[in-house]
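Breakdown of the fold
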Amino acid sequence: MVHSDDKTGNHPEPPTEDNSEPERIPVMQQILDNPFLLLFLGITIPAVFYVIWGIMEIVHIPIAK
Amino acid sequence: MATNEQYRICPATGLRIYRSAENLIKANAVVAVVFLAVGGLFGFMVAMTRWKAIHLLPAKWFYLVLTAHGLDVLVVWIIFFEMAVLYFASAVLLNCRLATPKLAWTGFALMLIGAVVTNIAVLQGGSSVMFTSYVPMRAAPHFYLGIILFAVGALIGCFIFLGTLIIAKQERTYKGSIPLVTFGALTAAIIAIFTIATGAIILIPTFLWSLGYISHIDPLVYRTIWWAFGHSSQQINVAAHISIWYLIAAVIFGAKPLSEKVSRFAFLLYILFLQLASAHHLLVDPGISSEWKIFNTSYAMYLAVLGSMIHGLTVPGSIEAAQRRKGYNNGLFEWLRKAPWGNPAFSGMFLSLILFGFLGGISGVVMGVEQINLIMHNTLYVPGHFHATVVAGTTLAFMAVTYLLIPLIFQRELILPGWARVQPYLFGLGAGGISVFMMGAGTLGVPRRHWDISMADAQLPYDFPGAANLMMGLNGMSAVLATLGGFIFIVVVVGSLLFGKRIAVGTTEAASGSGQPAASAVGRYGSAEAPAVPGTLAMVGVFFITFILYYFVNWKYLAEIWPLR
Amino acid sequence: MSISPPQEQLWWNEPIPKSELIWITTAFLWGLVMFFAMIYWHIAGEQNLSNEAYRTTPEAFAAKTEAMIAKYKVREEGGYPVVHPLPGEDVYLIGRLWQWWPILELEKDQTYRLHISSMDYMHGFSLQPVNINLQILPGYDMVLTVTPDKTGELGIVCNEFCGIGHHTMLGRLYVVDHP
Ligand code: HEM
Ligand SMILES: [Cu+2]
């Protein structure tokens, strides 16, 4: 593994060439670059809206007289 | 240490291909294709039975074979292939070694054992319950056990994909964000994890119930959770085959997304909303409120449909942009006319795109309208719809990418290139045909999963209109074409793996084999300078008009049935 | 390329091409139209499910059905009782291996509360050729308020697989003019 030492600033290459961040990364891009946040959202949303809400509906079906 | 693992450099793409990832991709793809062959044959027998003039199988065998068909193609073929896609999109595209290859082999073994066990259960005859296995109809315990083992194996594959993303990031094998295709694969993996979790929630109790440890499983709860598994697994396919469309466009044309932001955002809409559509299956079930049904069946206001419609523009749009950069600039469609239609990877991909959008996409949205579902639920319209999505869409896309994988990963030349050239057309035509004709039969009310619509043995017979039999006959003929297309695919793939000329390491041709310029020839351009894509806009315009017309026609059909509340 | 990391590291800041923007807006608006169409149909359309349902047992449901048959049976056909209930009444239909029981005779343009349930596995209520299709589950009494609007002899096909006799599971329903 190579750790390039470009935080010093006097690096010969243009700053965009490595993993240094020339500007702040926009929030949406940070979200899209974060697999585990996406995993969390992708499980929670259907679990809440589809599964849990659905099961609650079924539980509340009244008993026939 | 694992980092010193062996790899080779792919001469076409310059990517590092690690031995362990390569072997896993090979193994998963090969097993997938074997199950496609078996399952496809079952599908052929089913179609021949539903063709009245032939009526091939006796009832008992029909239901057995239909169960096996659904399982082997929908579950085993597709998910094994998806494992190969996940490993490819992570290890190969990120230039990285695969996380814990040993564990990946364990997952592979579990999947294979599970698939075999479930197949044995079905073929033994006591488990003809259809792949949906609705309670309280009982299958043999090892039927459920096999599916559970298979799912655990697939879950391991998903985590290895995620693990590989982490390693690639830590070891800095790429710069910036992951490639779009890998992001699409990530979408598929996330949906897969939800899918498998819900599958475990419902199938483990069902397994215990089949053994007698649990006395009762509520059928409505079963259907609700089972479909979180059953329908979401189809959404894995969508995410996976759209990634493959982008992949093929990139390899053959050097295509670059029109805008990274838009394409990734469309995948994000999938991650957030696609899985809600499991509600499609419960629209005419008792007791669940219309609020739940409308919210979920519309993927929260059709936001996932928005995602699909975006991909429907950006995939062909990226091809058009790449072609126009190469100078195919005349008129609306020169870029498309001059595309390599003789290259099965391209023709398969493009047919998949068209058939999936026009047949599968539109019919799916229409059938998923809460009220319109009343005139379609459980008719043959349903299998008609999903043969457009999962056969003409997913399966054809997977076939197309296989034509790229053979030289790239297996390092073999294709045998019988002439056969390969016609294969996508044959299979696409056949699959399109079975979709259209089953949908046609469905609008006439013909039931799915039904051995004999002439109702010869019924006490109170009912006659379907003659057109229904015509539809089933045309469906049978299309099935012959699709089967032929499938057969050629199997022959070409298996033949190439066994007898194809080995491509000497270091001289691998660009995978397309079509004489197209190498991918990297296309220069860099940012979104701002991306060329306009008028041809693609015209295509999506036609799509949009078709969509609207078909949508409203079906409301009109609905308005003709009995008033009911 | 789609198979390599984005060239522009801050890709989120790139402007969206106009063609895409037009299409995204169109598709989004179309989604809203489709979403509100379902709600609109609940208000203005005539074909909606009320989703009225009750938890029941096969025994309880069968008892109600047999009581209705005893009260309103008008004749028999091939071993099936034919029942002609009064308009507005609660009407019961059983799905079981492998029949729809009994034969119902309803009057045109009258409204009935139709209860359907299964005695065993799941079944699919598929009224032909009208083409109304419902999922019928054991343990749940599904209620719909129906108004047959054409006379005729209709078939009830089962369109959920329910075992080896599934394709023989057929029922009948008559819609007749008001006597
Ligand atoms: C040669 C190609 C194929 C032919 C001719 C074919 C034909 C059919 C037919 C006629 C049915 C029966 C519909 C019914 O009676 O309900 C069916 C069901 C089905 N097919 Fe295919 N099919 C093919 C390939 C595929 C593939 C590749 C997939 C998945 C990727 C697939 C997935 C399914 C599923 C999930 C069912 C439903 C099974 C069930 O109802 O339980 N088919 N197919
Ligand atoms: Cu039945």
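This structure is a prediction, so every number in the text was calculated from the model and none was measured.

Another point: the environment of Pro 316 of chain B. All names here are of chain B. With respect to the secondary-structure elements, Pro 316 resides in helix H9 (residues 299–325). The exposure class assigned to Pro 316 is buried, which follows from its relative accessible area of 1%. Through-space distance from the C-alpha of Pro 316 to that of Pro 257 is 9.7 Å; in sequence the pair is 59 residues apart. If sequence neighbours within four positions are ignored, Pro 316 has contacts with His 311, Trp 335, Phe 350, Leu 353, Thr 536 and Met 539.

Moving on, we come to the coordination of the copper ion (ligand 2). All names here are of chain C. Taken together, the protein ligands of the copper ion (ligand 2) are His 123 (ND1), Cys 158 (SG), Cys 162 (SG) and Met 169 (SD), with distances of 2.1 to 2.5 Å. Donor residues for the copper ion (ligand 2), ordered by position in the chain, follow H-x34-C-x3-C-x6-M. Taken together, the residues His 123 in strand E8 (residues 123–128) and Cys 158 in strand E11 (residues 152–158) connect sequence positions 35 residues apart. The residues His 123 and Cys 158 share a single accessibility class, namely buried.

So, on to the pattern of salt bridges. Applying the stated criterion across every chain yields a total of 19 salt bridges over all chains. A salt bridge links Asp 218 of chain B to Arg 55 of chain C; its shortest N-O distance comes to 3.8 Å. Of this pair, Asp 218 of chain B sits in the loop between helix H5 (180–211) and helix H6 (219–253) while Arg 55 of chain C sits in strand E1 (residues 52–55), placing the two residues on different chains. A relative accessible area of 23% means that Arg 55 of chain C is categorised as partly exposed. Of the charged contacts, one joins Arg 324 of chain B and Glu 320 of chain B as a salt bridge, the two residues approaching to 2.7 Å between their closest N and O atoms.

Our focus in this paragraph is the interface of chain B and chain C. One frequently used descriptor of interface size is the decrease in accessible area upon assembly of the parts. Across the boundary between the two partners, chain B contributes 110 residues, which contact 86 residues of chain C. Among the residues chain B hides against chain C, the three largest losses belong to Leu 460, Trp 562 and Arg 565 of chain B. Together they make up 11% of the total. The interface formed by chain B and chain C contains 2 salt bridges. Counting across the interface, chain B meets chain C through 36 residue pairs in polar contact (both at pLDDT 80 or more). Contributions of two or more residues to the side of chain B that touches chain C are made by helix H2 (59–92), H5, H6, helix H7 (260–273), helix H8 (290–297), H9, helix H13 (417–443) and helix H15 (534–559) of chain B. Among the elements that make up the side of chain B that touches chain C, the one with the highest residue count is H15 of chain B (11 residues). Considered class by class, the residues forming the side of chain B that touches chain C number 70 nonpolar, 22 polar and 18 charged.

Take the packing of aromatic side chains next. A complete count under the given rule lists 44 aromatic pairs over all chains for this structure. Here Tyr 80 of chain C and Trp 101 of chain C contribute two aromatic rings whose centre-to-centre distance is 5.6 Å and whose plane-to-plane angle is 45°, an arrangement assigned as tilted. With Tyr 80 of chain C in strand E3 (residues 80–83) and Trp 101 of chain C in strand E5 (residues 99–101), this residue pair connects regions lying 21 residues apart in the sequence. Trp 101 of chain C gets classed as buried once you look at its relative accessible area, which sits at 14%. Taken together through their ring pairs, the aromatic side chains of Phe 358, Phe 543, Phe 544, Phe 547, Tyr 551, Phe 552 and Trp 555 of chain B together with Trp 23, Trp 30 and Trp 41 of chain C make up a single cluster. Geometry around Trp 12 of chain C places Lys 261 of chain B over its ring, the cationic atom sitting 5.0 Å from the centre. Its guanidinium or amino end placed over the ring of Trp 11 of chain C, Arg 264 of chain B lies 4.8 Å from that ring's centre, counting from NZ or CZ.

This part covers the side chain of Thr 145 of chain C. By the element assignment, Thr 145 of chain C lies in strand E10 (residues 140–146). Under the relative-accessibility criterion, Thr 145 of chain C is labelled buried at 13%. Every residue in contact with Thr 145 of chain C, bar those within four places of it in the chain, is listed here: Pro 563, Leu 564 and Arg 565 of chain B together with Thr 111, Tyr 112 and Arg 113 of chain C.

A few words now on the coordination of the iron atom of ligand 1. Residues and elements named next belong to chain B. For the iron atom of ligand 1, the full set of protein donor atoms is His 69 (NE2) and His 387 (NE2), and the range of their distances to it is 2.0 Å. Relative to the metal, the 6 donor atoms surrounding the iron atom of ligand 1 lie at angles of 85 to 179°, and the coordination shape comes out octahedral. Remark: His 387 occurs in helix H12 (residues 381–408) and His 69 occurs in helix H2; sequence separation between them is 318 residues. Take His 69 and His 387: they sit in the same class, and that class is buried.

Residues and elements named next belong to chain C. Taken in spatial order, the 5 strands make up an open sheet running E1-E10-E7-E4-E5, and their pairing is mixed. In this open sheet, the two edge strands, each paired with only one partner strand, are E1 and E5. On average, each strand axis in the sheet is inclined to that of its neighbour by 25°, with strand direction left out of account. With 5 bridges joining them, strand E7 (residues 112–118) and E10 adopt antiparallel strand pairing. Counterpart to Ile 116 in the pairing with E10 is Met 142.

What follows is about empty space enclosed by the protein. Residue and element names in this part refer to chain B. In the structure shown here, the tally under the stated rule is 8 cavities of 30 Å³ or more. Estimated volume of the largest cavity: approximately 230 Å³. If you go around the largest cavity, you meet 21 residues; those closest to its centre are Val 75, Ile 79, Ile 147, Phe 229 and Ser 233. Of all the elements in the fold, those that place two or more residues in the lining of the largest cavity are H2, helix H4 (141–170), H5 and H6. The element that contributes the greatest number of residues to the lining of the largest cavity is H6, accounting for 7 residues. Residues of the lining of the largest cavity, tallied by class, amount to 15 nonpolar, 6 polar and no charged.

Before going further, it helps to spend a moment on the nonpolar core. Within the largest apolar cluster, 272 residues are counted, with the highest numbers of intra-cluster contacts made by Phe 125, Ile 132 and Leu 134 of chain C. With 26 residues, H2 of chain B is the largest single contributor of residues to this core. Not counting chain neighbours up to four residues away, the residues in contact with Ile 132 of chain C comprise Leu 374, Ile 561, Trp 562 and Leu 564 of chain B together with Phe 125, Ser 126 and Leu 127 of chain C. One finds Met 438, Ala 441 and Met 455 of chain B together with Val 157 of chain C within the second-largest nonpolar core, a separate group that totals 18 residues.

The rules behind the values
- Residues numbered from 1 in each chain as written.
- Chains lettered and ligands numbered in written order.
- Predicted model: local features only at pLDDT ≥ 70, side-chain atom pairs only at ≥ 80, totals over all residues.
- Heavy atoms only, no water.
- Helix = DSSP H or I, 4+ residues; strand = E, 2+ residues; numbered from the N terminus.
- Buried < 20%, exposed > 50% of the residue type's maximum accessible area, 1.4 Å probe, protein only.
- Contact = heavy atoms within 4.5 Å.
- Donors = N, O, S within 2.8 Å, 3.2 Å for Na, K, Ca; no water.
- Salt bridge = Lys/Arg side-chain N within 4 Å of Asp/Glu carboxyl O.
- Buried area = accessible area lost by both parts, 1.4 Å probe.
- Polar contact = N/O pair within 3.5 Å; in protein donor to acceptor, adjacent residues only side chain to side chain.
- Nonpolar A, V, L, I, M, F, W, Y, C, P; charged D, E, K, R; others polar.
- Phe/Tyr/Trp six-rings, centres within 6.5 Å; stacked < 30°, edge-to-face > 60°.
- Lys NZ or Arg CZ within 6 Å of the ring centre and 35° of its normal.
- Tetrahedral: all angles 85-135°; square planar, octahedral: opposite > 155°, others 65-115°.
- Pairing = 2+ DSSP bridges.
- Axes fitted to C-alpha atoms, helices over the stretch in contact; angles between N-to-C directions.
- 1 Å grid on protein atoms, 1.4 Å probe; cavity = no way out; pocket = protein on both sides within 12 Å on 5 of 7 lines; lining within 4 Å.
- Points joined across faces, edges and corners; volume = space filled by probe spheres on them.
- Core = buried A, V, L, I, M, F, W, Y, C linked by side-chain atoms within 4.5 Å.

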